[in-house]
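Coordinate inspection notes
Here are the chains, one letter per residue:
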Amino acid sequence: EIPRRLLAFHWGNGVNLDFWVPGTTGPDFELTDALAPLANVREHCRVLTNFRNYVAGRRGHHDGMAGLYSCYPFIQLEAQGAPYASKFGGISFDQVVADIIGNDTFHRSLQVGVTKRHLQNQGPTLLSMSHRGPDQPLSHERDPQALFDKLFLSFSPEDDPHAELRARAVDAVSEDAKRLRSRVGAADRQRLDAHLESLFQLQKQILAIPPTCEVPDKPTVEPYLEDGAEPLYEPNAAMAQLVGMAFQCDLTRVITYMFTGPSGGTQFHMLTPDKFPEFPDAHDLSHADHHETSHYNQPYQHMYMHRSAVVAMENLAYILELLAAIPEGDGSMLDHSCVLAASDVAEGWAHSEVDFPLIVAGGAGGRLKSDVGHYRSPDEEPIHNVSLACAKSVLPEPDAITELGGEQGNYSGYTNTPCAAIYAG
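Keep in mind it's a predicted model, so treat the numbers as computed, not measured. (Residues numbered from 1 in each chain as written. Predicted model: local features only at pLDDT ≥ 70, side-chain atom pairs only at ≥ 80, totals over all residues. Heavy atoms only, no water.)

Okay, the overall build of the protein chain next. Across its full length, the protein chain holds 10 helices and 13 strands. Here the protein chain holds 425 residues, and 57% of them are scored as buried. Just so you have it, the protein chain exposes about 17600 Å², and 48% of that area is on carbon and sulfur atoms. (Helix = DSSP H or I, 4+ residues; strand = E, 2+ residues; numbered from the N terminus. Buried < 20%, exposed > 50% of the residue type's maximum accessible area, 1.4 Å probe, protein only. Areas by Shrake-Rupley, 256 points an atom, 1.4 Å probe, with all protein chains shown as cover.)

Right, dumping it as structure tokens:
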């Protein structure tokens, strides 16, 4: 059976809803300005609007990351001089999926990113989309060359006489860790369990058989332009091609992809004043902090946020078109994948939690409904239902996951109801 894959794509700080929400619903909906880059793959895309984050109400970007990717309310941390800090309240949904479909691949899951301008002082919630638990965030690899090495230069030769010996050495360390486990407290046991899990993954990789697929050329991407600005299109293309190869070689089936970060300071160097002819006296925002700009509730900044969302959609479209061009079975790789694309807030200047920008692309091998187009929820359905639908859609047995999330205080992201608008079962 052709494997199903899960890819979650994130861009930070929301959109301008005036340019995002289509005016019509159904499969023949009109693409808005923000969604226009998806024209070549629109038949693969479901645009979901009027969905709500029900763990929101404390701290916008933190709420969005925790609510969508884990369905747990976040746990507040000591800020230590930062404006705010938090960690996930539970395991992220991609890792719930990886625990089921990731044990037969070289990497249980991968975490990749594009922009290097992301917050590092407000806790794990804003650092990563993937968390093994409240204290186990998984870092994103943002260097295409390092990701290439991780994917294609990590195998032992098939005739390596020392592979078995190295695997036995891992066994010995594992036994020591297991003996120690009975002598420590609950928090340390949790850390030891995470360590044991990583040792198991390492041992599996030592003994893994190299993939038979053709290894691509190593990418060459400059991290910064001459003026210090950060390129976005070039590293995104390199990362997207590596993602496609990772799926094609079956090195992993679960990937989280942070294009730009929540509350992050990405600079959209391509958005120079000449791109805004309707604002002839506009000052230059091409090297401005994206998150800071998102909080100005002014027409020019609103248009800047819209056009930065267009950049995100152009880069998402590159990934979707690449997956759609890879033949697989009687369709394409995209037909056998579920791609969830979202941001951490609806509109940055309001930290709004209603009308979250959500796109679900691909077919997940028939588990996702086709001919949906634009679906607008009549009753502010939880975003958590979308996460559950995506999780179930890529499993060999969908009932292996029946619920996601939990609650804390007055906030609850718990769901056992996959979004019926997109989930075919």
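A sheet is described by the order of its strands in space; here seven strands give the open sequence S5-S6-S1-S9-S10-S2-S11, paired in mixed fashion. The outermost strands of the open sheet, each flanked by one partner alone, are strand S5 (110-113) and strand S11 (374-376). On average, adjacent strands in this sheet sit at an angle of 15° to one another, irrespective of strand direction. In this sheet, S11 lies alongside strand S2 (residues 45-49) in parallel orientation, the contact comprising three bridges. Counterpart to Thr49 in the pairing with S11 is Arg376. (Pairing = 2+ DSSP bridges. Axes fitted to C-alpha atoms, helices over the stretch in contact; angles between N-to-C directions.)

Turning to the nonpolar core, a few remarks are in order. Trp11, Trp20, Leu38, Tyr257, Leu320, Leu323 and Ile359 are the most contacted members of the largest nonpolar core, which has 65 residues in total. The biggest single contributor to this core is helix H9 (residues 299-324), with 14 residues. Sequence-distant contacts of Tyr257, that is, excluding residues within four places in its chain, are made with Leu7, Ala8, Phe9, His10, Val112, Val114, Met129, Asn236, Met239, Ala240, Val243 and Ile319. In this structure, Cys71, Val254, Cys338 and Ala421 belong to the second largest nonpolar core, which totals 42 residues. (Core = buried A, V, L, I, M, F, W, Y, C linked by side-chain atoms within 4.5 Å. Contact = heavy atoms within 4.5 Å.)

Note that every value here comes from positions in space, so none of it alone points to a role or purpose.
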